[in-house]
Amino acid sequence: MEKQTMNLTRFLIEEQRKYPSASGIFTELFSEIALAAKIISREVNKAGLVDILGYTGSKNVTGDEVKKLDIFANNTLKHILCRGGNAIGLASEEEEDVVQCESGKYLVVFDPLDGSSNIDVNVSIGTIFGIYNKMDDFVDKKQFRRPGRELVAAGYIIYGSSTMFVYSTGTGVHGFTLDPSVGEFILSHKNIRIPEKGKIFSINMGNYKKWDKNLQDYIDYITEEDKETKRPYSLRYIGSLVADFHRNLLYGGIFLYPADKKNPSGKLRLLYEAQPLAYIVEQAGGYASDGKTPILDKIPSEIHERTPLFIGSKENVKELEKFLNR
Ligand code: AHG
Ligand code: MN
Ligand code: MN
């Protein structure tokens, strides 16, 4: 029975009791993010109805609006966090500049809806967030130029067959599954650890011709037949970073979004996609790099800076780095 009744708020409070330094504000901030997640989950799950039945839900929602779920998710997070009094500033994929809020101890970075091109085909999408201690009450872009090692918490929500809230505050990674009948996130995955090595690789093979030779050699190596080293690996690529990351976190494996001729710095953003997931994966015993430097050591020069991202089981990422740095 204990496991069924352990919800996110209670778990955060119990975790907090173990670390007196953590203040109650942290729990409040997490509860705000969880509330936003429930609201976004409701809209994401309604999206199909809008498409299929023309069911509007509200008079101005049309097919095009569904694609604007990114904007809906962004506004939901922005309004709840900025009014909550715990976040003094925000940086979002959907906001050109940083957002100054009234008061608070924390800065929150987020990708409000990741994988949004998949909304119309009912494929899992997600929200990614990271939390920093503020440096100053006046929030400018400078406050976000810091390494991911300074994160005090990070997490993601995946809107899939169920809605899951996965986070870490530096003492392991824990997963909660939304029970919509009571509107609570219930503890379902305590202390998630990623396997040291996995047999899954996630990459957009359509870009193969655009990669540098060392990366092509790595992909050729892991897709060769060799029983001894359990090759070939299996390719699994959903095209939603959160969904691909979540599967590899549980099963083991490596996700790759390299730089290529079209995207010389890669496609994914350092501040609100790579760093929060790198924080999570390291807390789960995995590793993330840009091919040379650990993601958590990189400092974004501007809030929408892109980075190559190689993330997952430590042995897989290290094996890749050997190829890339030959
Ligand atoms: P977003 O929807 O926030 O812009 O992110 C989309 C990203 C990420 O979710 C995914 O891994 C990647 O785009 C897929 O890119 P390709 O379609 O180029 O493979
Ligand atoms: Mn994204
Ligand atoms: Mn996005």
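Residues numbered from 1 in each chain as written. Chains lettered and ligands numbered in written order. Predicted model: local features only at pLDDT ≥ 70, side-chain atom pairs only at ≥ 80, totals over all residues. Heavy atoms only, no water.

Around the manganese ion (ligand 3), the protein supplies E93 (OE), D111 (OD) and L113 (O) as donor atoms, at distances of 2.0 to 2.3 Å. Taken in chain order, the donor set of the manganese ion (ligand 3) reads E-x17-D-x1-L. The distance between the manganese ion (ligand 3) and the manganese ion (ligand 2) comes to 3.7 Å, and D111 binds to both of them. On the criterion of sequence distance, the pair formed by E93 in the loop between β1 (87-92) and β2 (99-100) and L113 in strand β3 (residues 106-114) is long-range, its members being 20 residues apart. For the pair E93 and L113, one class covers both residues: buried. (Donors = N, O, S within 2.8 Å, 3.2 Å for Na, K, Ca; no water. Helix = DSSP H or I, 4+ residues; strand = E, 2+ residues; numbered from the N terminus. Buried < 20%, exposed > 50% of the residue type's maximum accessible area, 1.4 Å probe, protein only.)

All told, the structure shown has one disulfide when counted by the stated rule. At a sulfur-sulfur separation of 1.8 Å, the disulfide partner of C82 is C101. Here the S-S torsion is close to -75°, and the disulfide linking C82 with C101 is therefore left-handed. Highlighted residues: C82 in helix α5 (residues 69-84) and C101 in the loop between β2 and β3, separated in sequence by 19 residues. C101 gets classed as buried once you look at its relative accessible area, which sits at 5%. (Disulfide = S-S within 2.5 Å.)

Counting through the fold element by element, E305 comes out in the loop between β12 (287-289) and β13 (309-312). Buried within the structure, E305 lacks any salt-bridge partner; K298 is the closest side chain of opposite charge, at an N-O distance of 5.2 Å. At 2.5 Å, the side chain of E305 forms a polar contact with the side chain of S301. Contacts of E305, omitting those with residues within four sequence positions, involve L268, R269, L270, I299 and P300. (Lys, Arg positive; Asp, Glu negative; His and termini not counted. Salt bridge = Lys/Arg side-chain N within 4 Å of Asp/Glu carboxyl O. Polar contact = N/O pair within 3.5 Å; in protein donor to acceptor, adjacent residues only side chain to side chain. Contact = heavy atoms within 4.5 Å.)

This paragraph deals with the nonpolar core. Counting residues in hydrophobic clusters, the biggest one holds 42 residues, and the most contacted among them are F144, Y156, F245, L249, L271, L309 and I311. With nine residues, helix α8 (residues 270-283) is the largest single contributor of residues to this core. Two domains each provide a minimum of three residues to this core, namely domain 1 (3-189) and domain 2 (200-324). Beyond its immediate sequence surroundings of up to four residues, L271 is in contact with A91, V109, Y132, F144, P276, P300 and I303. Ranked by size, the runner-up nonpolar core spans 40 residues in total, among them M6, L69, Y106 and F185. (Core = buried A, V, L, I, M, F, W, Y, C linked by side-chain atoms within 4.5 Å. Domains from an automatic or database assignment.)

Everything listed here is a matter of geometry and, on its own, says nothing about what the molecule does.
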